[in-house]
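# Residue-level structural notes
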Amino acid sequence: MSPEATSAPRSLAEALRARDDSSLAALLRGRPDLVTPVPTDLTQLATRAGTRASVLRALERLDRFALQTAEALAVAPDPASYGTLLALMAGDAGDETVAGALPRAVGTLREQALVWGDDDRLRLVRTARELLAPSPQHPSPTGLGPTVREATSGMSPGRIQEIVTTAGLPSTHDSVSAVDALTALFTHRKKMAKLLAGAPEAAREVLSRLVWGPPYGQVTAEPAAHLRWLLDRGLLLPTAPGTVVLPREVALHLRAGRAHRVPEPLPPAVTPAVTHGAQVVDATAAGQAYTALATVEELLKDWDEGGPAVLRAGGLSVRDLKRTAVALDVSEPVAAFWVELAYAAGLIASDGEADERYAATPAYDEWLQRPPAERWVRLAQAWLAATRTPGLVGGRDAKDRTLSALGAGLDRSAAPEVRHRVLSLLAGPPPGAAPDAESVLARLHWERPLRGGRRDDPDDLRSRLARWTLAEAELLGVTGRGALSAHGRALLGAPPAVDTGPAPAVPEGPGDKLPVHHHRPAGRTGPLPAAEQAVAGAAAARLLAPLLPEPLDHVLLQADLTAVAPGPLRRPLADVLGVLADVESKGGATVYRFTPASVRRALDAGRTAADLHAFLTEHSRTPVPQPLAYLIDDVARRHGHLRVGAASAYVRCDDDALLNEILADKRAAGLRLRRLAPTVLAAPVDPAALLEGLRAMGYAPAAESAEGDVLITRADAHRTPPRTAPEPVPDGPPPPDATLLTAAIRAIRAGDLAATAPRKPAGEPLAGGELPRTSSAETLATMQAAVLTGDAVWIGYVNAEGAASQRVIAPVRVEGGFVTAYDHTADEVRTFPLHRITGVAELADD
């Protein structure tokens, strides 16, 4: 083993160089921003790992105890031993739980390249120390202030000597040794206890108020006696006029050595609030899943002929959202959820016309043809992966503009990860156990304390996303009565749960993992890959299908012009009945009401009276009531008697007495009708307005084409052009897959070999680490010698684009002005033009 392998690393790059491939893969998987683009060597990787943006992202992904460990290292000496770190985390009295969890936390920090060095010389990367160390502008989460050396850096030597002598220490010849003596006093437990024993009671009260932070306080120009006692002994040190600070060493003594008031080595348990039978949960969730399908269908049916207009800034207006909520019989926030869900699934979009409106997409028609369970899976998977967050609708953005449904500003990149994590926590207890929502939030906050908002803020974004996830999962039928359903568990890709009795708390050991992660690669918390997602969706559909109600092919007609559907109806029956009648009430049984307007709607769609009679006779378990038959015949007899076409608009009718009746009707004044011929009236309004006006007066006109034929209108006439579902906004670079990791590590290793291989310089070495220059003859001779000996050499090379690089190659053949060699950097055989090689050097024997 070489001396380099046994010596301690002197930099993060050297520490990374000592890692094996699996450790480098774990780093790149946990911090995917480091591999985009692939670093040329380990030195560049280390540099990138120390940038502020990358370190902030890595800190945001630490759990609370790992973050507390990093915060303790930020206030520890640099470097610090593992023993020093343990003392800061566990205190003078020690803590077995902290001691047991600390190796995992340090291992996490090392794996994420936030800490490097051996256990006797642990170093926090410089950027992380700058972010976490205390300063007046950015107080440390530990509540600690500056050290004695930092607080006295601007103090006069005479004043420092006065503090030293007042504290009972001998005077020194210089300020450095005086500060060292004062630091030694404050870190000596017995001597500090003796010093504080003589403090006035009021002085001890001041220290108790500052000990856990913030460590800064205000004093007057003439401080009270107890404050003067603390200032004279350096227990409080001035930092600015009127401001004093409690030195870090004094605070640690008062805290019994602990950097944190409450270390949290273990995640809080996710406790079950109530336990139901697994079958009850699955049945409840399946019922809600069916309701979700029916609600989305109703929404899209309402928008079939063109939905609300698109606002100029994009999205739905407040009025249109209210109208949609009334149509769906839900609250506005719930209506926003259904609208956004259909949009995320690619079922609705803007039509792109000049008068832009929302409408169903062609994918909606394809979706309707799928079995119910598969339709639900598409909705649920779209919800899981979507970064759009309906819960934000109605709020304000950074510019104080209202956030609207389907509008801009609703994407939150953390949403998919939070949804998956919440459902994963619900998958922890046995089937039927509904975890307490507050314990789920507490667990999430422990796992990512810096994500989404301020530390310990109960209303941070991550907590709000979790609350919305719990509510939306219940609406969608992923959960039932607060517990994860069997099909919801399958949707996550989790193995089937086994009911083992009463639900315990979710395990809280530092190394515990929930069952949902057992089959997934380490570090992945977001959506499954496409192949696994398809398998999980198929499994969820298989579990859900038997629980959904079987569609019926019949209804019960009643004498009061209503029809009762005792359950869900098959697609053709539901479509025709939805045109022929209006939905009066929903629930376990849907009630439809027949009206003249609804019958006319069916006739407008191309049905005849005979068709409607035959349809009702075929699909009713009860005889067709006489009032309903009379209603159909009466509307059909009058339907199309009047014809409306485009002049601007005209009405024609063979019965001139009927036209006279219309002209005499005061309600027709707004249409401004005038007679053009005995059987024709004209109006300066468009045909659609004329149709609506005459229908409001109680007539049953039909629209006709330019050729005089009756126009048949269908509910599904309007569709957008083909549209794709909105792409989720990524939360940083995606985690690299196994193929990319293998290729990236190979390239980094090869580049590092070229950058660090020891070599014999040819000629005089250049300053500054520049590539040495060799003449063409020297280059050719060295290459030919390497071919004979089989040795590798180091070269400088400039490619056709002018980019310079250094490489380690093993020459195989030299001829015709080219050298063919195995390129260790690219891990392949390549041919290099000799005129592009700037210099060559043999590798050292080592």
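Everything below is about the structure shown above.
A short tour of the structure in this document, coming up.

Aromatic rings in a pair are described by how distant their centres are and how their planes are angled relative to each other. Taken as a whole, this structure holds 4 aromatic pairs when the rule is applied. Across the ring face of Trp 367, the terminal group of Arg 375 is positioned such that the distance to the ring centre comes to 5.3 Å.

Next up on the list: the packing of helix 18 (residues 318-328) against helix 19 (residues 332-344). When two helices pack together, their arrangement is given by the angle between the helix axes and the distance between those axes. For the pair helix 18 and helix 19, the least separation of the axes is 9 Å and the interaxial angle reads 90°. With respect to helix 19, the axis of helix 18 lies roughly perpendicular. Together, Leu 321, Lys 322, Thr 324, Ala 325 and Leu 328 of helix 18 and Glu 332, Ala 335, Ala 336, Trp 338 and Val 339 of helix 19 make up the contact between the two elements. Its residues placed into classes, the contact of helix 18 with helix 19 shows 7 nonpolar, 1 polar and 2 charged.

If you walk across this open sheet you meet the 3 strands as 3-5-4, and the pairing is antiparallel. For this open sheet the edge positions go to strand 3 (216-218) and strand 4 (237-240), each flanked by a neighbour on one side alone. The mean angle between the axes of side-by-side strands here comes to 40°, regardless of whether they run parallel or antiparallel. The pairing of strand 3 with strand 5 (residues 243-245) spans 3 bridges and is classified as antiparallel.

For the rest of this paragraph, the subject is the sheet that holds strand 12 (residues 556-558). Pairing within the open sheet is antiparallel, and its 4 strands lie in the order 12-13-15-14. Single-partner strands in this sheet number two, and they are strand 12 and strand 14 (582-585). Ignoring which end each strand starts from, the neighbouring axes of this sheet average 30° apart. Direction of pairing for strand 12 relative to strand 13 (residues 562-565): antiparallel, over a ladder of 3 bridges. In the strand pairing of strand 13, Leu 557 is matched with Ala 563.

Once that is clear, we can look at the pattern of salt bridges. Pairs can form between side chains of opposite charge whenever their charged atoms are close. Evaluated as defined, the whole model comprises 36 salt bridges. Residues Arg 129 and Asp 78 are paired through a salt bridge, measuring 3.9 Å at the closest nitrogen-oxygen approach. With Arg 129 in helix 9 (residues 126-132) and Asp 78 in the loop between helix 6 (64-74) and helix 7 (82-90), this residue pair connects regions lying 51 residues apart in the sequence. A salt bridge links Arg 601 to Asp 582; the shortest N-O distance between them is 2.8 Å. Of this pair, Arg 601 sits in helix 28 (residues 596-604) while Asp 582 sits in strand 14; the two residues are 19 residues apart in sequence, bridging distant segments of the chain. Overall, the relative accessible area of 29% leaves Asp 582 in the partly exposed class. Through salt bridges with shared partners, one network takes in Arg 159, Glu 162, Arg 228 and Asp 232.

Definitions and limits used
Residues numbered from 1 in each chain as written. Predicted model: local features only at pLDDT ≥ 70, side-chain atom pairs only at ≥ 80, totals over all residues. Heavy atoms only, no water. Phe/Tyr/Trp six-rings, centres within 6.5 Å; stacked < 30°, edge-to-face > 60°. Lys NZ or Arg CZ within 6 Å of the ring centre and 35° of its normal. Axes fitted to C-alpha atoms, helices over the stretch in contact; angles between N-to-C directions. Helix = DSSP H or I, 4+ residues; strand = E, 2+ residues; numbered from the N terminus. Parallel < 35°, antiparallel > 145°, perpendicular 65-115°, else oblique. Contact = heavy atoms within 4.5 Å. Nonpolar A, V, L, I, M, F, W, Y, C, P; charged D, E, K, R; others polar. Pairing = 2+ DSSP bridges. Salt bridge = Lys/Arg side-chain N within 4 Å of Asp/Glu carboxyl O. Buried < 20%, exposed > 50% of the residue type's maximum accessible area, 1.4 Å probe, protein only.

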